[in-house]
Amino acid sequence: MSPPERVAARRLRKSTTREPIIQEPEVHETAGTHEASGAAGADEPEATRRDAGVTESSRANRGWWDRNADDYQVEHGTFLGDDRFVWGPEGLDEIEAELLGPPEELKGKDVLEIGAGAAQCARWLAAQGARPVALDLSHRQLQHALRIGGSFPLVCADAGDLPFADASFDLACSAYGALPFVADPVRVLREVRRVLRPGGRFVFSVTHPIRWAFPDEPGPEGLSVSGSYFDRTPYVEQDEAGNAVYVEHHRTIGDRVRDVVAAGFRLVDLVEPEWPAWNTSEWGGWSPLRGNLIPGTAIFVCERD
C-alpha cells in the first residue's frame, strides 16, 4: 500500500544550494545508535503500516524532527517566512482568514502555539500585539526559533502534557503541529481545552483525511485511489530493529469531529482551503494539480464554552 500524505513532505531532500542554517552538529541517540543531525549516508528506514502507541509515537517524532529540522527550514523557510501565519501548503494566511479573529482584536490576548517549529506563527501574533507562547516537541526546531528571534517564550514539551496552569490562554492554534503525529488526539485536545479560558478558541490544521486514500505524489499518479480511506492503521517508518523513527496517525473527518466533541469543544467551522492561482509551488504531495481537484488541508475551528 502506498504511504499516506506526510506532513513532513516525504523524506526531506538535502539542500545543495545553501549552507546549513545552524552550523554546529547536534548528536541524538535513537534506538541504540548515534546519529548527527543532517548526517548523510544513514540507512533509509522501512515504511510500513502498523500500530504505534503514545510513547513510541512521541519518542519517534521527537527524534525525527530534531534530526530533520535543519533540512525542513532550508526547504520550506522561504515559503513560511519568518513572521507569517500560514495554515498549510495552500498558503492560506491568517491575516486573510481571520480564523482566530480580526487581527486588531488579538492585541493583549494570551495565545499558545502548539507544534510551533521555528515559531513563525507566534512571531506574527506578537506583531499584532498578542502575547504568544511557542511550544514544540523538538528542541532543534526551537533552536531555529531562537535563531530568527523574538521576545516571546519558547517551550519544549509534549502537547499531550502541557506545562501550563488551567485557564492560562485566550486562544490556541496549531498549523500542522502535534495532532497528526499523536496516537491519542483526544488527550491533546483535552489538554488544550484545560489551558484555555472559558470562551477560548482553538484552531488547528492537519492533512485533509481524504489524502490518505491517495499516493503521496504531486503529479497525475497522485490522483488515483490506492488505499482505503477508512484504514486507520498508522504510517510508520522503522529502523532495522523495528523501532519507529517516524509515525503519523490517520483520522477520518468523522473521527476528527468526534475527537473535538469528546474533548469538550464545540466545532464552529471546518475550513477546506482551495488552491489559489498564485501558488505554483509543490510541497511534497501538495501541488497545484492535486490542489485544484482534491482538498489537501482541513482546518478545525473549535471553541470552549
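Residues numbered from 1 in each chain as written. Predicted model: local features only at pLDDT ≥ 70, side-chain atom pairs only at ≥ 80, totals over all residues. Heavy atoms only, no water.

1. Remarks on the nonpolar core
In globular proteins that are soluble, nonpolar side chains generally tend to be buried together. Counting residues in hydrophobic clusters, the biggest one holds 28 residues, and the most contacted among them are L112, F164, V192, F202, F204 and F265. Of all the secondary-structure elements, those providing two or more residues to this core are β4 (110–114), β5 (131–136), β7 (169–175), α5 (185–195), β8 (196–207) and β12 (297–303). Residue contacts for F204: discarding those within four places in its chain leaves W87, S174, L179, L189, V260, A298, I299, F300 and C302. Within the second largest apolar cluster, 17 residues are counted, among which are W87, L99, L125 and L171. (Core = buried A, V, L, I, M, F, W, Y, C linked by side-chain atoms within 4.5 Å. Buried < 20%, exposed > 50% of the residue type's maximum accessible area, 1.4 Å probe, protein only. Helix = DSSP H or I, 4+ residues; strand = E, 2+ residues; numbered from the N terminus. Contact = heavy atoms within 4.5 Å.)

2. A short note on the packing of α5 against helix α6 (residues 253–262)
Look at α5 against α6: their axes get within 9 Å of each other, and the N-to-C directions meet at 40 degrees. Here α6 runs oblique to α5, going by the angle between their axes. For the pair α5 and α6, the crossing hand works out as right-handed. Where α5 abuts α6, its residues P185, V186, L189 and R190 lie against R256, D259, V260 and A262. Among the residues making up the contact of α5 with α6, the classes are represented as five nonpolar, no polar and three charged. (Axes fitted to C-alpha atoms, helices over the stretch in contact; angles between N-to-C directions. Parallel < 35°, antiparallel > 145°, perpendicular 65-115°, else oblique. Left-handed = near helix turned anticlockwise from the far one by under 90°. Nonpolar A, V, L, I, M, F, W, Y, C, P; charged D, E, K, R; others polar.)

3. Side note on the packing of aromatic side chains
Tallying each qualifying case throughout the model produces 16 aromatic pairs. The interplanar angle of 85 degrees and the centroid separation of 5.6 Å between the aromatic rings of F79 and W283 together place this pair among those described as edge-to-face. Of this pair, F79 sits in helix α1 (residues 54–80) while W283 sits in the loop between β11 (266–271) and α7 (288–291), and the two are 204 residues apart along the sequence. Arranged with centres 4.7 Å apart and planes meeting at 45 degrees, the rings of F85 and W87 form a pair that is tilted. Look at F85 and you get buried, because its relative accessible area is 0%. On the accessibility criterion, W87 (0% relative accessible area) is buried. Among the aromatic side chains, those forming a connected cluster through ring pairs are W64, W65, Y72, F79, F181, Y235, Y246 and W283. The ring centre of F79 lies 5.8 Å from the NZ or CZ of R84, which sits over that ring. (Phe/Tyr/Trp six-rings, centres within 6.5 Å; stacked < 30°, edge-to-face > 60°. Lys NZ or Arg CZ within 6 Å of the ring centre and 35° of its normal.)

4. Examining the pairing of strand β9 (residues 235–238)
Alternating residues of β9 divide into Y235 and E237 and V236 and Q238, and every residue in both groups is buried. Examined bridge by bridge, strand β3 (residues 46–49) and β9 share four bridges and lie antiparallel to one another. Counted as the bridge partner of R49 is Y235 from β9. Strand direction decides the pairing type here: β9 and strand β10 (residues 244–248), joined by four bridges, are antiparallel. The residue of β10 that forms the bridge with V236 is V247. Hairpin remark: β9 followed by β10, antiparallel, with five residues in the connecting loop; positive phi at G242, about 85 degrees. (Pairing = 2+ DSSP bridges.)

5. Remarks on the pattern of salt bridges
Tallying each qualifying case throughout the model produces 15 salt bridges. Among the ionic pairs, R50 bridges to E56, the shortest N-O distance being 2.9 Å. The shortest N-O distance in the salt bridge between D259 and R251 comes to 2.7 Å. For D259, a relative accessible area of 5% translates into the label buried. Because the salt bridges share partners, they merge into one network encompassing D110, R131, D170 and R197. (Salt bridge = Lys/Arg side-chain N within 4 Å of Asp/Glu carboxyl O.)

6. A short note on the environment of E248
Residue position: E248 is located in strand β10. In the structure, E248 is positioned 66 residues away from V182 in sequence and 7.3 Å away in space, judged by C-alpha atoms.

7. Brief notes about the sheet that holds β10
Judged by pairing direction, the sheet is antiparallel, and its three strands sit side by side in the order β3-β9-β10 without closing on themselves. One side of each edge strand has no neighbouring strand; the edge strands of this open sheet are β3 and β10. Averaged over neighbouring strand pairs, the angle between their axes works out to 20 degrees when direction is ignored. Each of β9 and β10 is contacted by α1, which is oriented at about 105 degrees to β10, the strand it contacts most.

8. Considerations on helix α3 (residues 120–127)
For α3, a buried count of six out of eight residues is recorded, marking the element as mostly surrounded by other parts of the structure. Every buried residue belonging to α3 is among Q120, C121, A122, R123, W124 and L125, and all of these are buried. The secondary structure elements touched by the buried residues of α3 are α1, α2 (94–97), β4, β5, α4 (139–148) and β7. With its phi angle positive at about 95 degrees, G129 sits one or two positions after the end of α3.

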